[in-house]
2 protein chains.
Amino acid sequence: MTSSSRIAVDAMGGDEGLAVMLAGVARARRQYNDAKFLLVGDEEAIRGGLKNHPGLSAASEVVHAAEVVRSDEKPSQALRRARTTSMGIAVDLVKRGEAAAAVSSGNTGALMAMAKLSLRTMPGIDRPALAALLPSLGETDLVMLDLGANAECDTRNLVQFAVMGAAYARTALELESPRVALLNIGTEEQKGIESIRDAAAQLRAATHLPLTFNGYIEGDRLSRGEVDVVVCDGFSGNIALKTAEGTARFVADLLKRAFRSSVRSKVGFLISRPATELLRDQLDPNNHNGAVFLGLNGLVVKSHGGANELGVATAIGVAAKMVRDDLTRRISDNLRNFEAEAA
Amino acid sequence: MTSSSRIAVDAMGGDEGLAVMLAGVARARRQYNDAKFLLVGDEEAIRGGLKNHPGLSAASEVVHAAEVVRSDEKPSQALRRARTTSMGIAVDLVKRGEAAAAVSSGNTGALMAMAKLSLRTMPGIDRPALAALLPSLGETDLVMLDLGANAECDTRNLVQFAVMGAAYARTALELESPRVALLNIGTEEQKGIESIRDAAAQLRAATHLPLTFNGYIEGDRLSRGEVDVVVCDGFSGNIALKTAEGTARFVADLLKRAFRSSVRSKVGFLISRPATELLRDQLDPNNHNGAVFLGLNGLVVKSHGGANELGVATAIGVAAKMVRDDLTRRISDNLRNFEAEAA
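Residues numbered from 1 in each chain as written. Chains lettered and ligands numbered in written order. Predicted model: local features only at pLDDT ≥ 70, side-chain atom pairs only at ≥ 80, totals over all residues. Heavy atoms only, no water.

- If you check an unreviewed UniProt entry, chain A appears there as Phosphate acyltransferase from Stakelama sediminis.
- Under the heading Sequence similarities (unreviewed entry), UniProt records this for chain A: "Belongs to the PlsX family."
- If you open the UniProt record of chain A and go to Pathway (unreviewed entry), you find "Lipid metabolism; phospholipid metabolism." (UniProt positions renumbered as here; feature names shortened; annotations may be inferred.)

Put into structure tokens, the structure is as follows:
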């Protein structure tokens, strides 16, 4: 493995602390056993933590960073300290070609600002978008973007997200002409807000795009497997994603209550336990952690701030797979081909 | 029961047709057996349908309407035909004091436009908002608004929704100082979009309001029972509500698959069936149907377009309870008292 396929990890980001980050990276290393890491953060603390993970220790270098981006810090403020923070240095390692990807569980807005400034957007893309693969009843996962990088988006952003999301689905999910829909509050043409209606008109007219535009989709049909890519502004996307997580947990809590409501249901629960545990795994957000900033000249993966060891490992896995499959270059080629065709 | 406590039902709205509407109203009548109805729509069709519901027939009058608002019709277009449509006539019966409430499963935008034009907003309220009581892990249900009446909202709208939502919670849930939060994509002060940050600043400063302002809430904590009222624009609210519905169904589908995955889990399922059926009932959106337009001088309840017989009955029940408890007047008094105190 060349030095350019190492993964830079912001070891200090995340609400759960350094120990959980290191345990997560160690777990990912056991799965992707040719992966190498650059662990960025307080050198002494990281070296101390690595004593519990000899395998990871052998596969890692430590890169010292004196400061940490706080979760309540304004992106503009964090940006000024980029060169001294673990987040900023991790992103910079990608820019300088010393790492193939950066992973952080820190402040989303700050990570977006640093990634955009340092790596710049691909030609034809104004703003990067956070995309994730989410579970669905369909044959493949669902690509959804933007999940929170851009709270407000105009028509142009939405159309670009559709093109980037389709490129991601073509490469990551191997779909030839992904079915793309815009998230809206109704399926009739005149529904919703102007930017979405205009984006729909443009996507409907752009028949040369290597995607199948399916119009609007509402929140209740996201996971039905009817589309491959869902496009929205970062505000609605984040609301939808978190509401889905919260509802899954709510249903699981109600189910627990229901199973505890009588001796009979407790017995039934014990018997069907393997099935319900399988379900619990499917729904655990830590098993779907790791959103990718699409549209940048380099790979940055955002891990959930509250991710546990499993969640961190999943996010590292997203980066490792994208590096292995060379997805950033392939998405970029895919976008360039489309531009060439459109020209 | 006086004539002014009758409920006007738009019998022609809804995707499921007249038969389902009538079956739903008949079901509600069996539960609220002193309720009287004005069934608005095609007289001949309604009289034909009523032959299957002698009990409802005795408790109803039929009001003829020649036209129906289509689900894909623009609100402005529907508004011009208000006087001849079943929806418009149902709303007008409330205005003329012949009914205490109107219920429709038709086009939300058209219903909002007709209700606003005919009934006008309460003093101090610019736009009505769609509010519903949603299930939560807390001691009471959760009030959430706006759920889709206003796709775009400014700071002033959001602050008014907070005050109206709190008045609804004080009267319907009997909470003295409801805990109110704004839906956002982070909990730190600087998160989200400007209108929400400004609304938060105003609500934080308005210490005279009979509510406890709890700042921001994210989508994953909506049903945790930590707040009583969640305020948002109609676009995000509709996305959150529908995503929650879709996710609950998704989890139920996965659970079904899991239970079918082995003989062992099938046996466990059969034994614990009463518990899982209880859960299915708790999660069925038809059991939570019926959103109220808050802020109008009259009561209009929106039933889900795809509601089944149970769903229609639940929405009629929301109207019947609000009429019985005189909630529209009490919310109006509550808002007026707050204005007097603030003056």
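Some remarks on the overall build of chain A
Consideration 1: In terms of regular secondary structure, chain A is built from 13 helices and eleven strands.
Consideration 2: On the principal axes, the C-alpha backbone points of chain A span a range of 65 × 60 × 35 Å.
Consideration 3: The proportion of buried residues among the 343 residues of chain A is 57%.
Consideration 4: Within the structure as shown, chain A displays about 14,100 Å² of accessible surface, and the carbon and sulfur contribution to it stands at 48%. (Helix = DSSP H or I, 4+ residues; strand = E, 2+ residues; numbered from the N terminus. Buried < 20%, exposed > 50% of the residue type's maximum accessible area, 1.4 Å probe, protein only. Areas by Shrake-Rupley, 256 points an atom, 1.4 Å probe, with all protein chains shown as cover.)

As for the sheet that holds strand β4 (residues 101-104) of chain B
All names here are of chain B.
Consideration 1: Spatially, β3-β2-β1-β4-β11-β10-β5-β6-β9-β7-β8 is the arrangement adopted by the eleven strands of the open sheet, whose pairing is mixed. Lying at the two open borders of the sheet, with one neighbouring strand each, are β3 (60-64) and β8 (212-217). Taken over all neighbouring pairs, the strand axes of this sheet differ in orientation by 25 degrees on average, direction set aside.
Consideration 2: Bridge count for strand β7 (residues 179-183) against β8 is four bridges, and the pairing is parallel. Among the inter-strand pairings, Arg179 is bridged to a residue of β8, identified as Thr212.
Consideration 3: Sheet strands in contact with helix α1 (residues 18-31) are β1 (7-10) and β2 (37-41), and its direction is about 175 degrees off that of β2.
Consideration 4: Relative to the sheet, helix α7 (residues 155-172) contacts β5 (129-134), β6 (142-145), β7, β9 (229-231) and β10 (291-294), its axis offset from that of β9 by approximately 160 degrees. (Pairing = 2+ DSSP bridges. Axes fitted to C-alpha atoms, helices over the stretch in contact; angles between N-to-C directions. Contact = heavy atoms within 4.5 Å.)

Notes on the pairing of strand β11 (residues 299-302) of chain A
Residues and elements named next belong to chain A.
Consideration 1: By the alternation rule, side chains of β11 split into Leu299 and Val301 and Val300 and Lys302, which are all buried.
Consideration 2: By the bridge criterion, four bridges tie strand β4 (residues 101-104) to β11 in an arrangement that is parallel. Bridging across to β11, Ser104 finds its partner in Lys302.
Consideration 3: When strand β10 (residues 291-294) meets β11, the two strands line up antiparallel, connected through two bridges. Considered in β11, the bridge of Ala291 is made with Lys302.

Digging into the domain arrangement of chain A
All names here are of chain A.
Consideration 1: As far as domains go, chain A holds domain 1 (1-121 + 295-325) and domain 2 (126-289).
Consideration 2: For domain 1 and domain 2, the distance between their C-alpha centres works out to 26 Å.
Consideration 3: Residue-level contacts link 18 residues of domain 1 with 15 residues of domain 2.
Consideration 4: A per-element tally of the side of domain 1 that touches domain 2 places helix α12 (residues 309-324) first, with seven residues.
Consideration 5: Taken together, the residues of the side of domain 1 that touches domain 2 sort by class into eight nonpolar, eight polar and two charged. (Domains from an automatic or database assignment. Nonpolar A, V, L, I, M, F, W, Y, C, P; charged D, E, K, R; others polar.)

Some points on the side chain of Asp228 of chain A
Consideration 1: Among the secondary structure elements, Asp228 of chain A is positioned in the loop between β8 (212-217) and β9 (229-231).
Consideration 2: For Asp228 of chain A, a relative accessible area of 7% puts it in the buried group.

Focus: the interface of chain B and chain A
Consideration 1: Every contact between the two is made by 60 residues of chain B and, on the other side, 60 residues of chain A.
Consideration 2: Here chain B meets chain A over a buried area of about 5,400 Å², counting both sides, of which 69% is carbon and sulfur.
Consideration 3: Taken together, the links from chain B to chain A amount to four salt bridges.
Consideration 4: Here Arg224 of chain B and Asp253 of chain A are joined by a salt bridge, their closest N and O atoms 3.0 Å apart.
Consideration 5: At the junction of chain B with chain A, the criterion picks out eight residue pairs in polar contact (both at pLDDT 80 or more).
Consideration 6: Elements represented by at least two residues in the side of chain B that touches chain A include exactly α9 (234-259), α10 (263-271) and α11 (273-283) of chain B.
Consideration 7: At 20 residues, the largest contribution of residues to the side of chain B that touches chain A is made by α9 of chain B.
Consideration 8: Considered class by class, the residues forming the side of chain B that touches chain A number 27 nonpolar, 18 polar and 15 charged. (Buried area = accessible area lost by both parts, 1.4 Å probe. Salt bridge = Lys/Arg side-chain N within 4 Å of Asp/Glu carboxyl O. Polar contact = N/O pair within 3.5 Å; in protein donor to acceptor, adjacent residues only side chain to side chain.)

Quick word on α12 of chain A
All names here are of chain A.
Consideration 1: In this model, α12 (16 residues) spans 22 Å end to end at C-alpha, consistent with the 22 Å of a helix rising 1.5 Å per residue.
Consideration 2: Of all 16 residues making up α12, twelve are buried, and the element is well covered by its neighbours.
Consideration 3: Regarding α12, the residues found buried are Gly311, Val312, Ala313, Thr314, Ala315, Ile316, Gly317, Val318, Ala319, Ala320, Met322 and Val323.
Consideration 4: You can read the cap of α12 off the contacts: a side-chain oxygen lies 3.0 Å from the backbone nitrogen of Leu310, and it is on Asn308.
Consideration 5: Residue Asp326 follows α12 closely and has a positive phi angle near 60 degrees. (Expected span 1.5 Å × (residues − 1).)

A look at unusual backbone geometry
Consideration 1: Residue Leu145 of chain A is joined to Asp146 of chain A through a cis peptide bond whose omega torsion reads -5 degrees.
Consideration 2: Secondary-structure assignment places Asp146 of chain A in the loop between β6 (142-145) and α7 (155-172).
Consideration 3: Unlike most non-glycine residues, Glu174 of chain B shows phi in positive territory, near 55 degrees.
Consideration 4: Relative to the assigned elements, Glu174 of chain B resides in the loop between α7 and β7.
Consideration 5: On the accessibility criterion, Glu174 of chain B (67% relative accessible area) is exposed.

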